[in-house]
Structure formats: structure tokens, C-alpha cells
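Single-letter residue listing:
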Amino acid sequence: DVKVTQSSRYLVKRTGEKVFLECVQDMDHENMFWYRQDPGLGLRLIYFSYDVKMKEKGDIPEGYSVSREKKERFSLILESASTNQTSMYLCASSGSYNSPLHFGNGTRLTVT
Amino acid sequence: AQKITQTQPGMFVQEKEAVTLDCTYDTSDPSYGLFWYKQPSSGEMIFLIYQGSYDQQNATEGRYSLNFQKARKSANLVISASQLGDSAMYFCGSGGNNRLAFGKGNQVVVIP
């Protein structure tokens with residue numbers, strides 16, 4: 001069974017801090033994704049990566065960056081956290097073009 | 001960017017009845033996939049069903065079926081014989097070029 005693991009379930013950070021959200025998958029998947037989920041807005045794609053060191057902007061990349069140095073790990077970075085980045089963050093991976101995504105359990109980030 | 005529309009308000013469904021969740025999508029990709037995910041109150045995203053844009057037959061997975069109408073850009077989910085455990089948020093997604101976009105979700109509550 002595919003496992004996507006997000007390093008923290010809950011995180012509280014202060015405004016202006018640099019925040020790292022880590023995600024690891026164990027199925028050698030090519031594609032990895034970061035979404036944020038907010039009530040009434042559904043899931044919105046922040047960034048995705050289809051290969052090591054490759055990344056592409058999603059629909060809401062502002063205020064975020066990503067890193068993919070190894071195939072199994074995809075990190076989301078908030079360079080300077082702001083209160084409007086308080087949200088649930090979901091990492092996902094998939095094995096091939098248009099194949100279903102496997103999601104992690106999410107990280108609920110609160111920025112105060 | 002892909003655009004997914006789920007406009008139904010929250011729904012109450014009698015146990016053992018069927019329910020249809022509407023989804024329309026807008027994409028310029030010639031080849032794409034359509035997905036439905038379930039998110040119960042525990043928060044995990046559970047993959048339900050997949051339809052490829054070139055598939056001739058509508059996809060079915062147990063009690064789930066996808067009513068795919070390509071010309072109308074519609075991918076409705078039908079859940080037959082609802083169970084109490086079907087109470088959840090349901091998200092429609094559409095993917096092309098390795099990026100998957102989601103709608104805002106439909107809330108379903110199954111009542112005994």
C-alpha cells in the first residue's frame with residue numbers, strides 16, 4: 001500500500017517565521033503535489049513536481065516555494081509565514097500521468 | 001488552468017437511497033482524467049473512482065459509478081444504496097499534464 005507521510009499533523013508558527021512542511025512517499029512515484037484546503041474553497045494546488053529537482057507552479061504559488069532533492073521527498077516552504085497561510089496542507093503523490101493521487105493525512109498549520 | 005464546478009448545497013440522503021453528485025469541468029487538454037475522492041470527518045482523502053477522457057464505458061467501482069458525458073464536460077458521481085458511512089465531503093477532480101485540480105466539494109449526510 002502506498003504511504004504518503006507528512007511530518008507534522010499540527011503546527012503553530014509565528015508571523016514572519018520560515019516554515020518547512022515535509023512530505024515523504026514510499027512508492028517511488030514520479031509526481032508529487034502540495035495542496036491547501038480551506039472551507040468553502042476546496043483543494044487548491046500550490047506546487048507540483050514531476051521529477052527530482054523539477055517543479056511547477058500550481059494555481060496559488062505566491063508566498064510558497066518547494067524543494068525536491070530526492071524522489072521520495074517533497075518539501076513546501078513558507079519563506080515568511082503570514083496569518084492568511086493558516087490552513088490545512090495536503091501532500092499527494094502519483095505514479096504516472098493522470099493516475100489517482102495518494103494523499104497524506106495533512107498538516108494543519110496555524111500562523112499567529 | 002483547469003476549472004471544476006460543484007455547485008450543489010449540502011445534501012441529506014436517506015439510507016439505502018441513491019445519490020447523484022454533480023460535477024462539471026473545463027479543460028483544454030486533449031487527454032485528461034476525472035476523479036472522485038471522499039473526505040470523511042477524520043480528514044483523510046480516499047480515492048473512489050477514475051474515468052479517462054478516452055474511455056468509452058462509464059467507470060464503476062462497487063457502489064460508485066461515474067456518469068461521464070464528454071460533450072457536456074460532465075462527470076457526475078452516483079452512489080447507490082447509501083450507507084451511514086457515506087456521510088462525507090466529496091471532491092471531483094480533473095487532471096491533465098500532471099496537474100490535478102479539484103472542485104469545492106459536496107457535503108453529503110446520510111440519515112437512517
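Before going into details, it helps to say that this report is about the structure given with it. (Residues numbered from 1 in each chain as written. Chains lettered and ligands numbered in written order. Predicted model: local features only at pLDDT ≥ 70, side-chain atom pairs only at ≥ 80, totals over all residues. Heavy atoms only, no water.)

## So, the overall build of chain A
Each helix and strand in chain A was counted, giving zero helices and eleven strands. The N-to-C order of helical and strand elements in chain A reads β-β-β-β-β-β-β-β-β-β-β. Taking all 112 residues of chain A together, the buried fraction comes to 48%. Of the roughly 5,400 Å² of accessible surface on chain A, a fraction of 49% belongs to carbon and sulfur atoms. Charge separation in chain A, taken as the distance between the mean sites of 15 positive and 14 negative side-chain charges, equals 6 Å. (Helix = DSSP H or I, 4+ residues; strand = E, 2+ residues; numbered from the N terminus. Buried < 20%, exposed > 50% of the residue type's maximum accessible area, 1.4 Å probe, protein only. Areas by Shrake-Rupley, 256 points an atom, 1.4 Å probe, with all protein chains shown as cover. Lys, Arg positive; Asp, Glu negative; His and termini not counted. Charge placed at Lys NZ, Arg CZ, Asp CG, Glu CD.)

## Considerations on the nonpolar core
By size, the foremost hydrophobic cluster in this structure holds 25 residues, and its most contacted members are Leu21, Trp36, Ile49, Leu77 and Tyr90 of chain B. Counting residues per element, the ones that place at least two in this core are β2 (11-14), β3 (19-21), β5 (33-39), β6 (46-52), β8 (64-69), β9 (74-79), β10 (88-96) and β12 (106-111) of chain B. Ignoring any residue separated from it by four or fewer positions in sequence, one finds tyrosine 90 of chain B in contact with Gln6, Leu21, Trp36, Tyr37, Lys38, Leu48, Leu77, Ile79, Gly105, Asn106 and Val108 of chain B. With 20 residues, the next largest nonpolar core counts Leu11, Val19, Phe74 and Cys91 of chain A among its residues. (Core = buried A, V, L, I, M, F, W, Y, C linked by side-chain atoms within 4.5 Å. Contact = heavy atoms within 4.5 Å.)

## Description of the pairing of strand β4 (residues 31-38) of chain A
All names here are of chain A. Taken across its eight residues, β4 has eight buried, putting it largely inside the fold. Burial of β4 is two-sided: the residues Asn31, Phe33, Tyr35 and Gln37 facing one way and the residues Met32, Trp34, Arg36 and Asp38 facing the other way are all buried. The pairing of β4 with strand β5 (residues 42-49) spans seven bridges and is antiparallel. The partner of phenylalanine 33 across the bridge, within β5, is phenylalanine 48. Where β4 hands over to β5, the hairpin turn is made up of three residues, of which glycine 40 adopts a positive phi near 80°. (Pairing = 2+ DSSP bridges.)

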